[in-house]
Protein chains: 2
Amino acid sequence: MAGCRLWVSLLLAAALACSATAVWPWPQYIQTYHRRYTLYPNNFQFRYHAGSAAQAGCVVLDEAFRRYRNLLFGSGSWPRPNFSNTLTINDEQCLLASQTVWGALRGLETFSQLVWKSAEGTFFINKTKIKDFPRFPHRGILLDTSRHYLPLSSILDTLDVMAYNKFNVFHWHLVDDSSFPYESFTFPELTRKGSYNPVTHIYTAQDVKEVIEYARLRGIRVLAEFDTPGHTLSWGPGVPGLLTPCYSGSHPSGSFGPVNPSLNSTYDFMSTFFLEISSVFPDFYLHLGGDEVDFTCWRSNPDIQAFMKKKGFSDFKQLESFYIQTLLDIVSDYDKGYVVWQEVFDNKVKVRPDTIIQVWREEIPVEYMKEMEQITKAGFRALLSAPWYLNRITYGPDWKDMYKVEPLAFHGTSEQKNLVIGGEACMWGEYVDSTNLVPRLWPRAGAIAERLWSSNLTTNMDFAFRRLSHFRCELLRRGVQAQPISVGYCEQEFEQT
Amino acid sequence: MAGCRLWVSLLLAAALACSATAVWPWPQYIQTYHRRYTLYPNNFQFRYHAGSAAQAGCVVLDEAFRRYRNLLFGSGSWPRPNFSNTLTINDEQCLLASQTVWGALRGLETFSQLVWKSAEGTFFINKTKIKDFPRFPHRGILLDTSRHYLPLSSILDTLDVMAYNKFNVFHWHLVDDSSFPYESFTFPELTRKGSYNPVTHIYTAQDVKEVIEYARLRGIRVLAEFDTPGHTLSWGPGVPGLLTPCYSGSHPSGSFGPVNPSLNSTYDFMSTFFLEISSVFPDFYLHLGGDEVDFTCWRSNPDIQAFMKKKGFSDFKQLESFYIQTLLDIVSDYDKGYVVWQEVFDNKVKVRPDTIIQVWREEIPVEYMKEMEQITKAGFRALLSAPWYLNRITYGPDWKDMYKVEPLAFHGTSEQKNLVIGGEACMWGEYVDSTNLVPRLWPRAGAIAERLWSSNLTTNMDFAFRRLSHFRCELLRRGVQAQPISVGYCEQEFEQT
């Protein structure tokens, strides 16, 4: 679909400046006028332009028209307007041109934020010209469904609000030490023995499909993460022999460490497992983790020591590299690209040049901007997350620090800067579940959304504060339990239903 | 009702130890046994004991029986049990004896936490003996409905969960600088001009009545706060002349400071206003504020300066004292007692000996325990809040620090210690509204509930962690959006309905 132009015309019905500053994230270029047009819900239509490559039947846009109509006017019925003196403006149109359906989705969102309602209940839109595009192609949110299980509805609701913020990547940290909620059809024992509850606390194949399709309709990619060799305790019960038995002196202690890199059976398992994952998740990229590998258990185990001796490895980073390289080769064979956490780079694992490195460590071992510099200097693409750990919460307007981050504020050539493909807001789940996810996520993640979408010149804090306050009220209107960023009120407050 | 004994018998129907550690806050004395009794929802009855002073018609208990029946078993219908082999245990009883209906309410709550459900869905209660009473008589939660308006439903919901935690005082910080949502019938302009929205963002007389009665039925007093002379900006528009005009040089700047203490009209207004408040809020105590009075505006105003000269006041603390003493005299005339923030004591305002001083400043000017020492040394009763500001949130298990506070850990005689009547968890509203109130309040406030209810010996952190985790799951079961305190899961997770 690239190359052909998509025209969506929004038929309005009648004719100032009031709400343009309501747009979040801020467009690259926007010009607003005092002249305003009235929108009549009964007569309002989204229509494909005759010259558009996409036409009725394009599910992504047909569905988006339906969603945005509802977001704009609600699902109630509206009194028929009196057209006697509004005839001349029936042919006013709002034109949205985009090269891709995904761009059209973003434009629809912007359009929906431009419409405002007078005290008398009339809908208006001001004459506006916008040219817009994202600054970075990868604008993600990470949800962790292992430390706490998140009901499917929480994930779907998050995808909705991500679209309102023009996020386009859902990084799904599916499994970790605590639980394994992903129901594998190749290895059903993983969930049966590794989930909190194999009936109620799992994601079935149908659930995963639903998430992927729900995301797709909103222009969001699903980047699935299966983190190894660390963070895998929950894999153990379902796959005997997969994890390294830790030793206490000369005997196994009964506890387990990272995936056992010394056994062929480990790689056989990973081949089969990632074959499934590669087919279940259609996105080109998989996230393979690779963070925080604790060497204590490997060090304690005599079989691991023997394996290292045989391989001539002098330190555990070499052992980790061996594991990860083997895994990456497996995944490459499935025609998948991969994203890994920064340790894979830090530990000098040899990876393909098209590997994407995600920077998450805030201070240690090196300041995160230094890390961005080093990764891009080595020619790898980089994703920034370190300053954007939304699970960490402090009292007050902590969105400001996150907003002020400039992802390219490191020393480097323009080629290096071009290798920064974006960033991700991370919501780790140690202290977060469906009870506090939404207010902790919104509108704080919005600060990151704007940093990743809008121009590097969009940095005025007062302007951002005003717009984010407004946007937060709009989120409440849309039913999102977004927390306040300062003293004040919204016309429509959140009320539990 | 004091003095006569109330007997409530809970008719059970059939006969182990599993759930006793589920009780939060922990009782003063508890003995549990392995022997268990089955509860059959269809046959379960709360009954007044024949010898009880309270009988059917006692609204507080009749209503509590209805609520707790629902909390225990839900409102569904239950299959009829087969009694063929349970005959002998029909006359098993659970006896709750209390000197007051309020104590009976607390006992019902404890009872409801002792009942547990087997995997097969059968309800059980273990043989248990409990003797319980609160360590401190004043166990409060402050909600701030000025910085953000809280819908009535948020307040009522909070009262429910307060009862689950055995809190007994709702400190309602009704108004402040930001807005005046309390609808006064004597001065309707206060709300009309001082609320965020005089239609949607107010508490009508009916709302206030409902809160008071809802609280009463749950054994909770409503302590209304109308904070003066500072924190009153929202009063200004509705009562011209009430606030001090600030000066810039020799001219009024257009902005306003605290209540103007130099005018007779101020005291006329306060007399009339607090006459209304004294009749609307039945509790003996009113909270009169008195915190954070900024002297800058008073200092700038020539009329204030002239008034001070006339009165012979050399500093602004004397002026503040003058105002507060006059106000306290007014309120005393209405046969009300009063609670004030610590500055009133710090600034050496002469107050009645039965004044209750609430300690809120964490470090300045003196460490809060030192403040407790000084207040009680002067013979005043004290309420502790300083370490319990729940609006302040940090990442991780921050309930632990709040739990570890020992309110009597100051130097002083046992007479001094006896003057500590309790404490309050405060949820200030600058960054809190109905979107994030519940997860920020629960179960964190539970830590404070137990500190104020249970023995000073109930300090084991592992034990508290286990029970609070369990209690939090019970809160989820009861529909409360209580946030997690660590990694894990509950059988029944929260799902937005």
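Conventions used here
- Residues numbered from 1 in each chain as written.
- Chains lettered and ligands numbered in written order.
- Predicted model: local features only at pLDDT ≥ 70, side-chain atom pairs only at ≥ 80, totals over all residues.
- Heavy atoms only, no water.
- Helix = DSSP H or I, 4+ residues; strand = E, 2+ residues; numbered from the N terminus.
- Expected span 1.5 Å × (residues − 1).
- Buried < 20%, exposed > 50% of the residue type's maximum accessible area, 1.4 Å probe, protein only.
- Polar contact = N/O pair within 3.5 Å; in protein donor to acceptor, adjacent residues only side chain to side chain.
- Contact = heavy atoms within 4.5 Å.
- Disulfide = S-S within 2.5 Å.
- Buried area = accessible area lost by both parts, 1.4 Å probe.
- Salt bridge = Lys/Arg side-chain N within 4 Å of Asp/Glu carboxyl O.
- Nonpolar A, V, L, I, M, F, W, Y, C, P; charged D, E, K, R; others polar.
- Phe/Tyr/Trp six-rings, centres within 6.5 Å; stacked < 30°, edge-to-face > 60°.
- Lys NZ or Arg CZ within 6 Å of the ring centre and 35° of its normal.
- Least-squares fit on C-alpha atoms with pLDDT ≥ 70 in both.
- Pairing = 2+ DSSP bridges.

1. Structural notes on helix α9 (residues 316-333) of chain B
Residues and elements named next belong to chain B.
Then comes step 1: Over its 18 residues, α9 runs 26 Å from end to end, which matches the ideal 26 Å to within 8%, given 1.5 Å per residue.
Then comes step 2: Taken together, the buried positions of α9 are F316, L319, E320, S321, Y323, I324, L327, L328, I330, V331 and S332.
Then comes step 3: Sitting at the head of α9, D315 places a side-chain oxygen 3.1 Å from the backbone nitrogen of K317.
Then comes step 4: One or two steps after α9, the chain reaches D335, where phi turns positive at roughly 60°.

2. A few points about the environment of F273 of chain A
All names here are of chain A.
Then comes step 1: One can find F273 in helix α6 (residues 264-280).
Then comes step 2: For the pair F273 and R135, spaced 138 residues apart in sequence, the C-alpha separation works out to 36 Å.
Then comes step 3: Sequence-distant contacts of F273, defined by excluding residues within four places in its chain, comprise F180, Y182, S184, F187, L190, F226 and W235.

3. Comments concerning the state of the cysteines
Residues and elements named next belong to chain B.
Then comes step 1: Applying the stated rule across the entire model yields 4 disulfides over all chains.
Then comes step 2: In this model, C246 is linked to C297 through a disulfide, with the two sulfur atoms separated by 2.2 Å. Every disulfide takes its handedness from the sign of the S-S torsion; for C246 and C297 that torsion is -105°, giving left-handed. Of this pair, C246 sits in strand β10 (residues 243-248) while C297 is found in helix α7 (residues 296-300), placing the two residues 51 residues apart along the sequence. Taken as a pair, C246 and C297 share a single burial class, namely buried.
Then comes step 3: Across the disulfide from C473 sits C490; the S-S distance is 2.0 Å. Where C473 bonds to C490 through sulfur, the torsion about that S-S bond is close to -80°, and the disulfide is left-handed. With C473 in helix α16 (residues 461-477) and C490 in the segment after α16, this pair connects stretches of sequence that are 17 residues apart.
Then comes step 4: Among the residues examined, C473 registers a relative accessible area of 23% and is labelled partly exposed.
Then comes step 5: Overall, C490 belongs to the buried group, its relative accessible area being 1%.

4. Observations regarding the interface of chain B and chain A
Then comes step 1: The interface is formed by 41 residues belonging to chain B together with 41 residues belonging to chain A.
Then comes step 2: Taking both sides of the interface into account, the surface hidden between chain B and chain A amounts to around 3,800 Å²; carbon and sulfur atoms contribute 53%.
Then comes step 3: Taken together, the links from chain B to chain A amount to 2 salt bridges.
Then comes step 4: R472 of chain A serves as the salt-bridge partner of D433 of chain B, at 2.5 Å between the closest nitrogen and oxygen.
Then comes step 5: Summed over the shared surface of chain B and chain A, the number is 33 residue pairs in polar contact (both at pLDDT 80 or more).
Then comes step 6: If you list the elements that add at least two residues to the side of chain B that touches chain A, you get α14 (437-441) and α16 of chain B.
Then comes step 7: Tallied by class, residues from the side of chain B that touches chain A come to 16 nonpolar, 16 polar and 9 charged.

5. Here's the deal with the packing of aromatic side chains
Then comes step 1: This structure, assessed with the given rule, holds 89 aromatic pairs over all chains.
Then comes step 2: Ring geometry for Y149 of chain A and Y203 of chain A: centres 4.8 Å apart, planes at 25°, overall stacked. Here Y203 of chain A lies in the loop between α4 (188-194) and α5 (205-217) and Y149 of chain A lies in the loop between β7 (138-144) and α3 (152-164), a separation of 54 residues in the sequence. Each member of the pair, Y149 of chain A together with Y203 of chain A, is buried.
Then comes step 3: On the numbers, 4.6 Å between centres and 55° between planes, the contact of F187 of chain B with F269 of chain B is tilted. Of this pair, F187 of chain B sits in the loop between β8 (169-173) and α4 (188-194) while F269 of chain B sits in helix α6 (residues 264-280), and the two are 82 residues apart along the sequence.
Then comes step 4: We classify F187 of chain B as partly exposed; its relative accessible area is 22%.
Then comes step 5: Over the face of the ring belonging to Y33 of chain A we find K127 of chain A, whose NZ or CZ atom lies 4.7 Å from the ring centre.
Then comes step 6: Over the ring of F410 of chain A we find K417 of chain A, and its NZ or CZ is 5.0 Å from the ring centre.

6. Brief notes about the pattern of salt bridges
It is possible for side chains bearing opposite charge to pair when their charged atoms get close.
Then comes step 1: Under the counting rule described, the total for this entry stands at 36 salt bridges over all chains.
Then comes step 2: The network of salt bridges with common partners includes E109, E474, R477 and R478 of chain A.

7. Here's the deal with the relation of the copies chain B and chain A
Then comes step 1: For the pair chain B and chain A, the superposition axis carries a translation of 0.0 Å, the fit reaches an RMSD of 0.0 Å, and the rotation angle comes to 180°. Both copies are brought into coincidence by an operation consistent with a two-fold rotation axis. The C-alpha atom lying nearest the rotation axis in chain B is that of T394 of chain B; the distance is 2.5 Å.
Then comes step 2: The share of interface residues of chain B whose copies in chain A are also at the interface is 100%, consistent with both copies meeting through the same surface.

8. Things to note about the pairing of strand β6 (residues 123-131) of chain B
Residues and elements named next belong to chain B.
Then comes step 1: The pairing of strand β2 (residues 29-39) with β6 spans 8 bridges and is classified as antiparallel. Each bridged residue has a counterpart across the sheet, and for T38 the counterpart in β6 is F124.
Then comes step 2: As defined by bridge partners, strand β5 (residues 116-117) adjoins β6 across 2 bridges and the pair is classed as antiparallel. Across the sheet, the residue bridging to K117 is F123, located in β6.
Then comes step 3: Here β5 folds back onto β6, and the loop between the two strands holds 5 residues, one of which, G121, carries a positive phi near 95°.

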